[in-house]
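# Results of the structural survey
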Amino acid sequence: MWKTFKKFIWEWRGVWLTAPTITGLILFVRLLGGLQALELGAFDLYMRLRPMEEKDERIVIVGITESDIRKQKNAAFADQVYAQLLIKLQAMKPRVIGLDIYRDIAIEPGSQELANIFQNSTNIVGITKIIGDSDRDIIPPHPNLVLSGSNDLLLDPIDQKIRRTLLTYTTNEGKLYYSFGVLLALFYLDQEKIEVESLPEYNDWWKLKDTIFRSFAKTDGGYVNIDDGGYQILLNYRGSNNNYDMVSLSDVLEDKVSPEWGKDRIILIGHVGESSGDFFFTPYTITPSQRMSGVEIHANIASQMLGVGLDNRPLIKTTSDLIFLGLNEQLNFKFNTNLNPLIPEILDGIWIFCWALIGSIITWRMRYTQKANSLLSLRLISVFILGIFLILMTFVAYLYSWWIPVIPPLFALTGATISITAYIARMAGDIRNTFGRYLSSEIVATLLESPEGLKLGGERKKITILTSDLRGFTATSERLPPEEVVKIINFYLGYMADVITKYNGTIDEFMGDGILVLFGAPIARKDDGKRAIACAVEMQLAMKPVNEQMKKWDLPPLEMGIGINTGEVVVGNIGSEKRSKYGVVGSQVNLTYRIESYTIGGQIIISETTIAEANTKLKIVGQKEVSPKGVKKPITIYEIGGIEDEYNLFLPEEKEIYGILESPIPLQYSILEGKDISQEITLSKIIELSEKGAKIQLDLSDLDSEKSVNCPKALTNIKINFLDEEKNVNSEDIYAKVLEKPADQGCFFIRFTAQPPEIKQKLGAIYQAFINTNS
């Protein structure tokens, strides 16, 4: 267990280092405010993209336009104008009237009339400015006003946009002021018999119905150490500017407005003309023309309170609310309002770390991709898809009024992907410097991920070994220029390597036209035997396009034999400290070569142990018991014609048609023993001929009666030379393998493995004449 865990930790060490490092860097940059502008920009974008809400019909606005100013011929209206306006509005029987205009200084005529209206009206709310320097910023309300609220708006220093609002503010003198919009909403709710509850256990936070107004903290959302003085919340706008029913001051004064227009509503009065300068940037502002008037912002503040109290409209929540809701509602835990501000940061850090980990894991998992261009494209596509998913997920959360950070995790995802890619690139450099070339990137990754991967030595493992060899190619290559031979070999090996890589085989080495492939080293899988057989079948099928190209080059076709065996071997890094290779040694490797030597072109022969290892449905063409050199007991080998299950690959069936020769072809043959040719020569003759083989009959006419000659054993390799009438050799060497095919006494069948072009042409002409005659 511990060994497996240790191996897992080592193999994934790049991920364990990258994810926390990227998270730490992003949190550090975020703490310095480096991501604040982007996070607030994302907040604004989400607000603009979400569906517009319906107008709040409970709130209407009397806007003082530029036309109103021109009609009055003075930007500073006389108190008489506001007195007349208030009288007409009061006649409409509104719930409350909010005058978003400073009237701390009397402007004649009509100042006494306006003062009397203020003094005798309990549903008129004025404004005061309470935040700032006492000499420059503080503006008191009209002395006769019964109610007044603070119209101070909170501008974010980074871009001067209004995203937060005050509920209340306590001055240095200890005096509590309600926000202007909030006071209007509370007045309206009071007439609906809905009251705000104060929660002493939570520093007097408000509770309206089921919603608790958690006080904004300086690190909420995407903010970094913002001024959180007063009782603040995030402002949940209903929409962009001009989202409330609005009439001009002149329309009211000239009785152009229905008497029912303001009934049971909150009526706000404020400047909406450009010259007033009472315009602000909001999340909906992209160009200066999209700024929102101050009176509309106060309308949104009032509407937010009404929405919570009457419509169950949610407030915008952040990570801190997640803690609060989780502890308070789920665990029935008394939330500590003096909670360490690091706790929301820790939760954000976990969120960022998760995305760094996702980016690291996915990029690391794709390191086995064979082609560098494909690997880069896959990573880019993966990061893009994950980024889109993250954006969609946070946007959907925003639609439900949850502000979840999106910019830091996006940077974490991208940063982790880049870091892991760079790490893999550095590993690739190590690979080139240490191992030379490996065709399977999976092998190299495993070697580098193992703590012992670079050390000399090996381990005993049960693996499946595949060897292949071209039949008769040595003889063919002797007749071709070296450059032509290299071209053929490279073309052939290219096809084979693609098939082997497809089945996750490890190409241990190329030996001329032979290939040694490992299944189960360095990575062992449950289906190693099955994949090896499927790979062999597809390799034989791939010989068709190879020979099509050979025909275009006007060269003889190639034939390949494949042997497969399963057993215990020693695999590992073999060599010296200066030069080493990943290889395999053991008697099972030698046995695999012996098995492969029994094949003829197009055949796949496997051992009994491989059949047991594969444990799948195979098409077995034939079987034979053999005694390979170096093996104490006979073994059974099987010729495979295909594999079923998920691979469903089969070799085409070839039926040899033999034609009886009118004139047998005399020959002599010698048995090949390993690489040596026996000195004993046996006379015989070809009596039947097929496209790829022949039937040979022993010539016993010149033998002593006491000497007996037996047919060579099946699977024996022989060298043949044709003879003339005087029994002299008159041909180049021909090579063949004795087939395990029943024949008459003194006869046996062969399969040609190498023929000189002249002989091949001569025999081909004889066989074709037979076919034409009998067709």
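Residues numbered from 1 in each chain as written. Predicted model: local features only at pLDDT ≥ 70, side-chain atom pairs only at ≥ 80, totals over all residues. Heavy atoms only, no water.

### Regarding helix α16 (residues 482–502)
With 21 residues, α16 ought to run about 30 Å at 1.5 Å a step, and its terminal C-alpha atoms sit 30 Å apart, in line with that. The set of residues buried in α16 consists of Val485, Ile488, Ile489, Tyr492, Leu493, Met496, Ala497, Val499 and Ile500. An end-on view of α16 places all buried positions within 160° of arc, on one side of the element. Among the exposed residues of α16, those oriented more than 90 degrees off its buried face are Glu483, Asn490, Asp498 and Lys502. (Helix = DSSP H or I, 4+ residues; strand = E, 2+ residues; numbered from the N terminus. Expected span 1.5 Å × (residues − 1). Buried < 20%, exposed > 50% of the residue type's maximum accessible area, 1.4 Å probe, protein only. Arc of directions from axis to C-beta.)

### What to know about unusual backbone geometry
The general pattern is negative phi for most residues beyond glycine and trans for most peptide bonds. Following glutamate 108, the chain continues into proline 109 via a peptide bond in cis, with omega recorded as 0°. Here proline 109 shows up in the loop between β2 (96–99) and α6 (111–120). Geometrically, the link from alanine 521 to proline 522 is a cis peptide bond, its omega value of 0° lying close to zero. Even without being glycine, asparagine 203 reaches a positive phi, approximately 55°.

### Here's the deal with the pairing of strand β16 (residues 506–511)
Relative to strand β17 (residues 514–519), β16 runs antiparallel, the two sharing 5 bridges. From the neighbouring strand, isoleucine 507 faces β17, where its bridge partner is valine 517. In this antiparallel pair of consecutive strands, β16 and β17, the connection spans 2 residues, and glycine 512 shows a positive phi of 65°. (Pairing = 2+ DSSP bridges.)

### Some thoughts on the pairing of strand β24 (residues 659–673)
Sheet topology places β24 next to strand β26 (residues 682–689); 7 bridges connect them, and they run antiparallel. Its bridge partner being in β26, glutamine 668 is matched across the sheet by leucine 683. Pairing of β24 with strand β28 (residues 717–722) involves 5 bridges; the strand directions are antiparallel. Within β28, the residue paired with leucine 667 across the bridge is phenylalanine 722.

### Observations concerning the sheet that holds strand β9 (residues 211–213)
Here 3 strands make up an open sheet; going across it, the order is β7-β8-β9 and the pairing antiparallel. What marks the edges here is a single partner per strand, and that holds for β7 (197–199) and β9. Adjacent strand axes in the sheet meet at a mean angle of 30° when their direction is disregarded. The pairing of β7 with strand β8 (residues 205–208) spans 3 bridges and is classified as antiparallel. In the strand pairing of β8, leucine 199 is matched with tryptophan 205. Against the sheet, helix α9 (residues 294–311) contacts β8 and β9, and its axis sits at roughly 50° relative to β8. (Axes fitted to C-alpha atoms, helices over the stretch in contact; angles between N-to-C directions. Contact = heavy atoms within 4.5 Å.)

### Details of a nonpolar patch on the surface
Among the surface-exposed residues, Ile381, Phe384, Ile385, Ile388, Ile391 and Leu392 lie close enough to one another that they form a single nonpolar patch of about 560 Å² accessible area. Looking at where phenylalanine 384 falls in the secondary structure, it is placed in helix α12 (residues 372–399). (Patch = residues over 30% accessible without salt bridge, like charges linked within 9 Å, V, L, I, M, F, W, Y side chains within 5 Å. Areas by Shrake-Rupley, 256 points an atom, 1.4 Å probe, with all protein chains shown as cover. Salt bridge = Lys/Arg side-chain N within 4 Å of Asp/Glu carboxyl O.)

### Let's talk about the nonpolar core
Among the nonpolar cores identified, the biggest contains 64 residues, and Phe213, Leu268, Ile297 and Met305 are the most heavily contacted of them. Among all residues touching methionine 305, those that are not within four sequence positions of it are Leu167, Val182, Ala185, Leu186, Leu189, Trp206, Leu208 and Phe213. Core analysis: the second largest hydrophobic core is formed by 43 residues, Met496, Ile507, Val517 and Tyr638 among them. (Core = buried A, V, L, I, M, F, W, Y, C linked by side-chain atoms within 4.5 Å.)

### Structural notes on the sheet that holds strand β3 (residues 124–128)
The 6 strands lie next to each other as β4-β3-β2-β12-β1-β11, forming an open sheet whose pairing is parallel. Two strands in the sheet have a free side with no partner beyond their single neighbour: β4 (147–150) and β11 (245–248). Ignoring which end each strand starts from, the neighbouring axes of this sheet average 25° apart. With respect to the sheet, helix α5 (residues 79–91) is in contact with β1 (59–64), β2, β3 and β12 (266–271), its orientation differing from that of β12 by roughly 160°.

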